[in-house]
Amino acid sequence: TRCADVTGVQTCALPICATYTEWNGLRVGHCCPGCTKRFLANPEALLDEVAPRWRDAAAAVARVKKAEGAARTEALASLRGDWSVVREPVDETVK
């Protein structure tokens, strides 16, 4: 089955996702506990199967986390322009 939801892109077999996993800065939805187990067993393989652009989303999240000041604001705006942002990425530059 094709069952995952990455950054707001609905690809589940069911109309809504029942559970979610936070993984590498991405919120990944699953339609059932079985799909959650399948995802956790090999996240990258499942994401490659159902949401090929997940690597783009993860890279965008990483850019926001590493950026400072105006560059962070710009990276966050770019992230929001391309993806559904559920929670702003943590600022890794703050000590």
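Keep in mind that this is a model prediction, so the values were computed, not measured.

Conventions used here
- Residues numbered from 1 in each chain as written.
- Predicted model: local features only at pLDDT ≥ 70, side-chain atom pairs only at ≥ 80, totals over all residues.
- Heavy atoms only, no water.
- Phe/Tyr/Trp six-rings, centres within 6.5 Å; stacked < 30°, edge-to-face > 60°.
- Helix = DSSP H or I, 4+ residues; strand = E, 2+ residues; numbered from the N terminus.
- Lys NZ or Arg CZ within 6 Å of the ring centre and 35° of its normal.
- Buried < 20%, exposed > 50% of the residue type's maximum accessible area, 1.4 Å probe, protein only.
- Contact = heavy atoms within 4.5 Å.
- Axes fitted to C-alpha atoms, helices over the stretch in contact; angles between N-to-C directions.
- Parallel < 35°, antiparallel > 145°, perpendicular 65-115°, else oblique.
- Nonpolar A, V, L, I, M, F, W, Y, C, P; charged D, E, K, R; others polar.
- Core = buried A, V, L, I, M, F, W, Y, C linked by side-chain atoms within 4.5 Å.
- Salt bridge = Lys/Arg side-chain N within 4 Å of Asp/Glu carboxyl O.

Novice: How would you summarise the packing of aromatic side chains if you had to cite specific residues and measurements?
Specialist: Inspection of the entire model under this criterion finds 2 aromatic pairs. Here the aromatic rings of tryptophan 23 and tryptophan 54 are separated by 5.3 Å at their centres, their planes lie at 55 degrees, and the arrangement is tilted. With tryptophan 23 in strand β3 (residues 19-23) and tryptophan 54 in helix α3 (residues 54-66), the pair connects residues that are 31 residues apart, well separated along the chain. A connected cluster of aromatic rings, assembled from ring pairs, spans Trp23, Phe39 and Trp54. A cation over an aromatic ring shows up here: arginine 27 above the ring of tyrosine 20, its NZ or CZ 3.5 Å from the ring centre.

Novice: So, unusual backbone geometry: which residues are in play, and what are the values?
Specialist: The backbone of asparagine 24 shows a phi angle near 50 degrees, a positive value even though the residue is not glycine. Along the polypeptide, asparagine 24 turns up in the loop between β3 and β4 (26-30).

Novice: Give a detailed account of the side chain of threonine 21, specifying residues and quantitative values.
Specialist: Tracing the sequence through the fold places threonine 21 in strand β3. In this structure threonine 21 comes out as buried when scored by relative accessible area, which is 14%. Among residues more than four places away in sequence, those in contact with threonine 21 are Leu26, Arg27, Val28, His30, Thr36, Phe39 and Leu40.

Novice: Can you explain the packing of helix α1 (residues 33-41) against helix α2 (residues 43-50)? Please cite residues and give values.
Specialist: Following both chains from N to C, one finds α1 and α2 inclined at 115 degrees, their axes separated by 5 Å at the closest point. Considering their axes alone, α1 and α2 lie roughly perpendicular with respect to each other. Here Arg38, Phe39, Leu40 and Ala41 of α1 come into contact with α2, specifically with Pro43, Leu46, Leu47 and Glu49. Tallied by class, residues from the contact of α1 with α2 come to 6 nonpolar, no polar and 2 charged.

Novice: Hey, could you go over the nonpolar core for me, with residue numbers and the actual values?
Specialist: Formed by 18 residues in total, the largest nonpolar core has its most connected members in Leu26, Phe39, Leu47, Trp54 and Leu79. Residue assignment for this core shows that the elements contributing at least two residues are β4, α2, α3 and α4 (69-82). It is α3 that contributes the most residues to this core, 6 residues altogether.

Novice: Let's hear about the pattern of salt bridges: which residues, and what values?
Specialist: According to the stated counting rule, one finds 4 salt bridges in the structure shown. The salt bridge partner of glutamate 49 is arginine 38, with a shortest N-O separation of 2.8 Å. With glutamate 49 in helix α2 and arginine 38 in helix α1, this residue pair connects regions lying 11 residues apart in the sequence. Residues arginine 55 and glutamate 44 are paired through a salt bridge, measuring 3.9 Å at the closest nitrogen-oxygen approach. Here arginine 55, found in helix α3, pairs with glutamate 44, found in helix α2; they are 11 residues apart in sequence, far enough to count as distant. Relative accessible area serves as the criterion here: at 41%, arginine 55 is assigned to the partly exposed category. One network of salt bridges, in which partners are shared, links Glu44, Asp48 and Arg55.

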